[in-house]
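The primary structure of each chain is shown beneath.
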Amino acid sequence: MIFRNSCKLLCANFGEVWKLFVYHIISFAFCIGLLAVFYKDYFNFADIAYTKANMQSVWDTGTMYGSSIANSLTIVANFIIYFFEAMFTSNIGKGIYFLIIVVILLPLLMNIGKVVTCELMYGYMSACQKQSFTGTYLKTLKTSLAYSSVKVLYSLPFNFLILASMWGVTRIDNNIFDYFMPFVFVIISALLMAFKELLNAGWAPAKVVYDHNVFSSYTIGMRAVFRKGERVFSTALIIYLLATVLSMVLGLYAIIIILPIVSPFIHIFEMVAFFSSQGMRFYVDNETILSPKRLEEVDKIEDAKYLL
């Protein structure tokens, strides 16, 4: 139900997908512009890693057999490792600068866009109201900066665990396992991302709906989402499984086809999960209002003290 309603809202607000996509392009362009200060060095590091990892063979392995995909994943993982190795060996300062832009600044900008999208969806879901992306961006900038700053720091250990797990799978050297490795890779990464989503799904919606501080919003959001924890986790798992599989199949084309849709879809999914968990009525399209079960119908007796 959460997945279906998220799809309906995505279709009803597809214009927001393009607005968020444009914002993402601007954010990426801004970060690339900052990295361009040392573009010759970064290109040189990438060239060294490309040669050492034998990246050229990725384009020749194909994607029809498990062993081929396993080999491609291993080569890509090696390329990333060699890139950072060459960068930090050559110049630690440039390596730290790269990490600040890619690991801190870019996610910060992405999370600001997340708050704006949730604010737009709140207006539509609660009153079937369309709002300006730019106007909402400026109106919520102060609160979205606070949320984004904390969210980036909070997400670092989760992202490290996910990347480390994906890297660990590519380190297993076994001819038989190579045929199963793509499935293991997809399942582990999707499970970890779904678990991270379960812990974070209510954060931005609670911030937008109740306008509390960042930490209170996290508590409210987690308590709300955990009312339907199994549904939220299973839906998030399906979303990430589909996104990961399609990314592996489409490769670079995923950047054009999948990423512009997955990001806003996740934001909408979080809003739907939060509204449903809180028993809040909401529009799924211009003519349909959904009425989830009220809080007193879904809460346990010991949780009754939290009812407003």
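Caption draft 1: Region of the structure containing the overall build of the protein chain. Scanning the protein chain for helices and strands turns up 15 helices and two strands. Here the protein chain holds 308 residues, and the buried ones make up 44% of them. Within the protein chain, counting contacts between residues at least 6 apart in sequence, those at least 24 apart form 71% of the total.

Caption draft 2: Expanded view of the pattern of salt bridges. Tallied over the entire structure, the rule returns four salt bridges. Residue aspartate 41 pairs with lysine 94 through a salt bridge whose shortest N-O separation is 2.9 Å. With aspartate 41 in helix 3 (residues 39-52) and lysine 94 in helix 6 (residues 92-127), the pair connects residues that are 53 residues apart, well separated along the chain. In this structure aspartate 41 comes out as partly exposed when scored by relative accessible area, which is 25%. For the salt bridge of lysine 114 with glutamate 270, the shortest nitrogen-to-oxygen distance reads 2.8 Å. Within this pair, whereas lysine 114 is found in helix 6, its partner glutamate 270 is found in helix 14 (residues 259-278), the two being separated by 156 residues in sequence.

Caption draft 3: Inspection of the packing of aromatic side chains at higher detail. Scanning the entire structure with this criterion turns up 22 aromatic pairs. Note on phenylalanine 83 and phenylalanine 84: the rings are 5.5 Å apart at their centroids and 80 degrees apart in plane angle, and the pair reads as edge-to-face. On the accessibility criterion, phenylalanine 83 (9% relative accessible area) is buried. Overall, the relative accessible area of 27% leaves phenylalanine 84 in the partly exposed class. Pairing phenylalanine 84 with phenylalanine 98 gives two aromatic rings, centres 5.9 Å apart and planes at 75 degrees, and the pair type is edge-to-face. Highlighted residues: phenylalanine 84 in helix 5 (residues 66-90) and phenylalanine 98 in helix 6, separated in sequence by 14 residues. Exposure remark for phenylalanine 98: the relative accessible area of 13% places this residue in the buried category. Members of the aromatic cluster, each reached through a chain of ring pairs, are Phe38, Tyr42, Phe45, Phe83, Phe84, Phe88, Tyr97 and Phe98.

Caption draft 4: Structural context of the confidence of the model for the protein chain. Here the protein chain averages 86 in pLDDT, and 89% of its residues register 70 or above. Across residues 61-66 the pLDDT falls below 50, and counting only partners more than four positions away or on other chains, this stretch makes nine contacts in the model. Predicted confidence is poor over residues 296-308, with pLDDT under 50, and the contacts of this stretch with residues over four places away or in other chains come to nine contacts.

Caption draft 5: Molecular detail of the nonpolar core. Counting residues in hydrophobic clusters, the biggest one holds 42 residues, and the most contacted among them are Leu9, Met125, Val232, Val272, Phe274, Phe275 and Phe282. Contributing elements (two or more residues each) for this core: helix 1 (2-12), helix 6, helix 9 (177-200), helix 10 (203-210), helix 11 (214-225), helix 12 (229-250), helix 14 and strand 1 (282-285). When residues in this core are grouped by element, the largest group, nine residues, is from helix 14. Once you skip the residues sitting within four places of it in the chain, phenylalanine 274 turns out to touch Gly202, Pro205, Ala206, Val209, Tyr210, Ile220, Gly221, Ala224 and Met280. Counting residues in hydrophobic clusters, the runner-up holds 22 residues, among them Phe83, Met87, Leu108 and Val152.

Conventions we followed
Residues numbered from 1 in each chain as written. Predicted model: local features only at pLDDT ≥ 70, side-chain atom pairs only at ≥ 80, totals over all residues. Heavy atoms only, no water. Helix = DSSP H or I, 4+ residues; strand = E, 2+ residues; numbered from the N terminus. Buried < 20%, exposed > 50% of the residue type's maximum accessible area, 1.4 Å probe, protein only. Contact = heavy atoms within 4.5 Å. Salt bridge = Lys/Arg side-chain N within 4 Å of Asp/Glu carboxyl O. Phe/Tyr/Trp six-rings, centres within 6.5 Å; stacked < 30°, edge-to-face > 60°. pLDDT = per-residue confidence, 0-100. Core = buried A, V, L, I, M, F, W, Y, C linked by side-chain atoms within 4.5 Å.

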